[in-house]
Amino acid sequence: MPKILFQVHPHPASVKRILLEDNFLPDTREEPLFDEVVWPAEWLAKYSRECHAADLCIASSEHTKQTLVENGIDPSRVKVIPYGVDLDRFQPGVNRPMPGERFRVVFAGQMVRRKGIHYLLEAWKRLGFRDAELRLVGRGAYNQAILGRYEGCFTMVGAVGSNALVEEFRSSDVFCMPSLTEGFGLVYLEALAAGTPVIATDNTGAADIVTDGQEGFVIPPRDIDALMACLEYCYKNRSRLREMRSGARRRAEQFTWQRFRSSLSSVVRDLDWRPSA
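Notes on the structure follow. Keep in mind the model is a prediction, meaning the values are calculated, not measured.

## Overview of the overall build of the protein chain
(1) Moving on: Across its full length, the protein chain holds eleven helices and nine strands.
(2) Moving on: Relative to the 2.2 N^0.38 estimate, which gives 19 Å for 277 residues, the radius of gyration of the protein chain is 19 Å and therefore close to what a compact globule would have.
(3) Moving on: Counting only C-alpha atoms, the protein chain reaches 70 × 40 × 30 Å along its principal axes.
(4) Moving on: The 277 residues of the protein chain split such that 51% are buried.
(5) Moving on: When the accessible area of the protein chain is evaluated, it comes to approximately 12,900 Å², of which 49% is carbon and sulfur surface.
(6) Moving on: In the protein chain, 36 side chains carry a positive charge and 36 a negative one; their mean positions are 3 Å apart.

## Side note on the sheet that holds strand β3 (residues 78-80)
(1) Moving on: Within the open sheet, the three strands sit side by side as β1-β2-β3. Their pairing is parallel. Two strands lie at the open edges of the sheet, namely β1 (4-7) and β3, each paired on one side alone. Along the sheet, successive strands turn relative to each other by an average axial angle of 25 degrees, direction set aside.
(2) Moving on: Bridge analysis of β1 against strand β2 (residues 56-59) gives four bridges, and the strand direction is parallel. Paired with Ile-4 across the bridge in β2 is Leu-56.
(3) Moving on: Here helix α3 (residues 62-69) sits on the sheet in contact with β1, β2 and β3, set at roughly 170 degrees to β3.

## Digging into unusual backbone geometry
(1) Moving on: One non-glycine residue with positive phi stands out, namely Leu-25, at about 55 degrees.
(2) Moving on: Mapped onto the secondary structure, Leu-25 falls in the loop between α1 (12-21) and α2 (41-53).
(3) Moving on: Leu-25 gets classed as buried once you look at its relative accessible area, which sits at 11%.
(4) Moving on: Of note in this structure, Asp-131 is not a glycine but carries a positive phi near 50 degrees.
(5) Moving on: Secondary-structure assignment places Asp-131 in the loop between α4 (117-127) and β5 (132-137).

## Re the packing of aromatic side chains
(1) Moving on: With the rule as written, the count across this model stands at 18 aromatic pairs.
(2) Moving on: Look at Phe-103 and Tyr-235: their rings are 5.4 Å apart centre to centre, the planes differ by 80 degrees, and that puts the pair in the edge-to-face class. Note that Phe-103 is positioned in strand β4 (residues 103-108) and Tyr-235 in helix α9 (residues 224-236), a separation of 132 residues in sequence.
(3) Moving on: Exposure remark for Phe-103: the relative accessible area of 1% places this residue in the buried category.
(4) Moving on: On the accessibility criterion, Tyr-235 (27% relative accessible area) is partly exposed.
(5) Moving on: With a centroid separation of 5.7 Å and 85 degrees between ring planes, the pair formed by Phe-169 and Phe-175 is classed as edge-to-face. Exposure class is identical for Phe-169 and Phe-175. Each is buried.
(6) Moving on: An aromatic cluster of at least three residues, connected via ring pairs, comprises Phe-6, Tyr-83, Phe-184, Trp-257 and Phe-260.

## Brief notes about the environment of Arg-114
(1) Moving on: Counting through the fold element by element, Arg-114 comes out in the loop between β4 and α4.
(2) Moving on: The class of Arg-114 is buried, set by a relative accessible area of 18%.

## Structural notes on the sheet that holds strand β9 (residues 216-219)
(1) Moving on: Spatially, β6-β5-β4-β7-β8-β9 is the arrangement adopted by the six strands of the open sheet, whose pairing is parallel. Two strands close off the open sheet at either side, each with one partner strand: β6 (155-158) and β9. On average, adjacent strands in this sheet sit at an angle of 25 degrees to one another, irrespective of strand direction.
(2) Moving on: Taken together, the four bridges between strand β8 (residues 198-201) and β9 define a ladder with parallel strand orientation. In the sheet register, Ala-200 faces β9, and the bridge partner there is Val-218.

## A look at the side chain of Lys-115
(1) Moving on: As for its placement among the helices and strands, Lys-115 is situated in the loop between β4 and α4.
(2) Moving on: What Lys-115 contacts, discounting residues up to four positions off in sequence, is Phe-107, Gln-110, Met-177, Pro-178, Ser-179, Leu-180 and Glu-182.

## What to know about a nonpolar patch on the surface
(1) Moving on: Residues Met-1, Ile-4 and Trp-273 make up a contiguous nonpolar surface patch of about 360 Å² in total accessible area.
(2) Moving on: Looking at the element boundaries, Trp-273 is found in the segment after α11 (257-269).

## A word on the packing of helix α7 (residues 186-193) against helix α10 (residues 238-252)
(1) Moving on: Closest axis-to-axis distance for the α7/α10 pair is 7 Å, and the angle between their directions is 125 degrees. Accordingly, the angle class assigned to the pair α7 and α10 is oblique. Across the interface between the two elements, Leu-189, Leu-192 and Ala-193 of α7 pack against Ala-248, Arg-249 and Ala-252 of α10.
(2) Moving on: A per-class count over the contact of α7 with α10 returns five nonpolar, no polar and one charged.

Thresholds applied
- Residues numbered from 1 in each chain as written.
- Predicted model: local features only at pLDDT ≥ 70, side-chain atom pairs only at ≥ 80, totals over all residues.
- Heavy atoms only, no water.
- Helix = DSSP H or I, 4+ residues; strand = E, 2+ residues; numbered from the N terminus.
- Rg over C-alpha atoms; globule rule 2.2 N^0.38 Å.
- Buried < 20%, exposed > 50% of the residue type's maximum accessible area, 1.4 Å probe, protein only.
- Areas by Shrake-Rupley, 256 points an atom, 1.4 Å probe, with all protein chains shown as cover.
- Lys, Arg positive; Asp, Glu negative; His and termini not counted.
- Charge placed at Lys NZ, Arg CZ, Asp CG, Glu CD.
- Pairing = 2+ DSSP bridges.
- Axes fitted to C-alpha atoms, helices over the stretch in contact; angles between N-to-C directions.
- Contact = heavy atoms within 4.5 Å.
- Phe/Tyr/Trp six-rings, centres within 6.5 Å; stacked < 30°, edge-to-face > 60°.
- Patch = residues over 30% accessible without salt bridge, like charges linked within 9 Å, V, L, I, M, F, W, Y side chains within 5 Å.
- Salt bridge = Lys/Arg side-chain N within 4 Å of Asp/Glu carboxyl O.
- Parallel < 35°, antiparallel > 145°, perpendicular 65-115°, else oblique.
- Nonpolar A, V, L, I, M, F, W, Y, C, P; charged D, E, K, R; others polar.

The following block contains the structure:
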């Protein structure tokens, strides 16, 4: 029978390359579980073999597909099926954020290097906005070396439930997670579904679903200047961000879990299940 691999994360060899290319704050590396740079060789070899053993690889983003291709997988053996989002749980609020409230940016995710947290904090510190707040939401891994370096520049929210996360999106002008690399980044879709424009990099699934300047902004990874320019635009054009909220929701409505399941079923049905001679 055909062997199918759902490649949840980008190819580990590409992730290692991307992380090695990140030379900002090199003294804030993470534990081996979260950093392919310091993985034992046998770990990297094991997870690198999976895609070569599969007859078909399914990826949730073009970025993930590209990492497979650059490691020797024929593009015809990779199908891209974007994730879906719970549109009932993640819904826009009414007239949020309100005009006159402080400018608010929210980050939601593990606070580690691959999420670009160090670039976001550095950009925020350099900009020095008045009457503005950067809120960090997330559970799991925290890079204390990075967070400690920027103490006082952000509000630590920490782990929250799904209802509170929706409210964080609703009450923020923009969601920002400038990841170095993502298999997809479901949180981008969740923010869009809540009506919140996003700032993402083109090494994420957001690059496949966000039209730059319409539902959000897509910038290169590891580019502090581009990130600062994007944040500054948002800070100075809050009315434009409010106009983008309805478009963000409409875009998210195109990505349901039913669509994901139907696409997955269609790909599997189209496979040749006949035994080879």
